Amino acid sequence: MKTLHSKRQLAALFMPGFILGIVYVNFLVKKYPSNPEIFGDRFFSVYQNTEIIAGEFIFYLIRVRIIPFLLLLSLVFTHVRKISAALYTAWTGFSCGMMLTVAVLEKGILGCIFCLAAIFPQFLCYVPAYFIVIWYGYTFPKNRWNIQKTIFVLISMIAGILLELYVNPVILKTFLHMI
């Protein structure tokens, strides 16, 4: 019963962040609807014609995937573990709300499908890894860190990076070619 209660609390942190992201884009930000960049036709065209060089792209992925993950991981082993897990969950909701709203405003349902294509398949690995770290931070001291969690999180993050490095560009280019 306590586990279900904690999961609901995490969802209760994600959803307000998600709604705030939607409200932020719709009512507070004026530049997205008038200045499309990431969902603009030019972006799609440039991405389709860009060759992804794995040796260079990996450094970008390390910077945007591993560094924030290590920051969260290090914070959940301190006295601010619960608040850092809660803030990260709310921030993730806010980011998702913003991104999906901009996608819908610029491209309609096609923007949402593009967002799904952009996170597939790597987020099948990233989400469980992040969830384990957030869950640990949120439920400590009832939940303890162990070697199984370490191995799973490490393998999941490596697999996610490899999928984002080699598989996702093919999926995105195929999707962009189809539209």
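Residues numbered from 1 in each chain as written. Predicted model: local features only at pLDDT ≥ 70, side-chain atom pairs only at ≥ 80, totals over all residues. Heavy atoms only, no water.

Novice: Break down the overall build of the protein chain for me, citing the residues and quoting the values.
Specialist: The helix and strand inventory of the protein chain stands at eight helices and zero strands. Start at the N end of the protein chain and walk to the C end: the helices and strands fall as α-α-α-α-α-α-α-α. Its C-alpha atoms give the protein chain principal-axis dimensions of roughly 50 × 40 × 25 Å. A buried classification covers 34% of the 179 residues belonging to the protein chain. Here the contacts in the protein chain between residues at least 6 apart in sequence split such that 85% fall between residues at least 24 apart. Counting every atom, the protein chain has about 11,000 Å² of accessible surface; 73% of that belongs to carbon and sulfur. One way to put it: in the protein chain the 15 positive side-chain charges average out to a point 23 Å from where the 6 negative ones average out. (Helix = DSSP H or I, 4+ residues; strand = E, 2+ residues; numbered from the N terminus. Buried < 20%, exposed > 50% of the residue type's maximum accessible area, 1.4 Å probe, protein only. Contact = heavy atoms within 4.5 Å. Areas by Shrake-Rupley, 256 points an atom, 1.4 Å probe, with all protein chains shown as cover. Lys, Arg positive; Asp, Glu negative; His and termini not counted. Charge placed at Lys NZ, Arg CZ, Asp CG, Glu CD.)

Novice: So, the environment of I158: which residues are in play, and what are the values?
Specialist: Considering the arrangement of structural elements, one finds I158 in helix α8 (residues 147-178). On the accessibility criterion, I158 (45% relative accessible area) is partly exposed. Note: C-alpha distance between I158 and Q122 (36 residues apart in sequence) is 9.8 Å.

Novice: Pulling in residues and values, what's your account of helix α4 (residues 54-75)?
Specialist: Between its first and last C-alpha atoms α4 spans 30 Å; for 22 residues at 1.5 Å apiece the expected length is 32 Å, and the two agree. By the largest-angle criterion, I62 marks the main kink of α4, which is about 35°. Along α4, the residues classified as buried are F57, L61, F69, L72 and L73. Its buried side turned inward, α4 meets α5 (81-107), α7 (123-139) and α8. (Expected span 1.5 Å × (residues − 1). Bend = angle between axes of the 7 residues up to and from the residue.)

Novice: Residue-level account of the packing of aromatic side chains, with values.
Specialist: Two descriptors summarise a pair of aromatic rings, namely the distance from one centre to the other and the angle between the planes of the rings. Enumeration according to the criterion identifies 16 aromatic pairs in this entry. Taking 5.2 Å as the distance between ring centres and 40° as the angle between the ring planes, the aromatic pair formed by F77 and Y136 counts as tilted. Here F77, found in the loop between α4 and α5, pairs with Y136, found in helix α7; they are 59 residues apart in sequence, far enough to count as distant. We classify F77 as partly exposed; its relative accessible area is 39%. (Phe/Tyr/Trp six-rings, centres within 6.5 Å; stacked < 30°, edge-to-face > 60°.)

Novice: Provide a residue-level description of a nonpolar patch on the surface, including the pertinent values.
Specialist: Among the surface-exposed residues, M15, I19, V23, Y24, F27 and L28 lie close enough to one another that they form a single nonpolar patch of about 590 Å² accessible area. Relative to the assigned elements, Y24 resides in helix α1 (residues 2-28). Y24 sits in the partly exposed class, given a relative accessible area of 33%. (Patch = residues over 30% accessible without salt bridge, like charges linked within 9 Å, V, L, I, M, F, W, Y side chains within 5 Å. Salt bridge = Lys/Arg side-chain N within 4 Å of Asp/Glu carboxyl O.)

Novice: Go over the pattern of salt bridges with me, naming the residues and quoting the values.
Specialist: Under the criterion given, the structure shown has one salt bridge. Residue E164 is joined to R65 by a salt bridge in which the shortest nitrogen-to-oxygen separation is 2.7 Å. Of the two residues, E164 sits in helix α8 while R65 sits in helix α4, which places them 99 residues apart along the sequence. Residue R65 is classed as partly exposed on the basis of its relative accessible area, which comes to 23%.

Novice: How would you explain the environment of G17 if you had to name every residue and give the values?
Specialist: The topology assignment puts G17 in helix α1. Beyond its immediate sequence surroundings of up to four residues, G17 is in contact with A90, G93 and F94.

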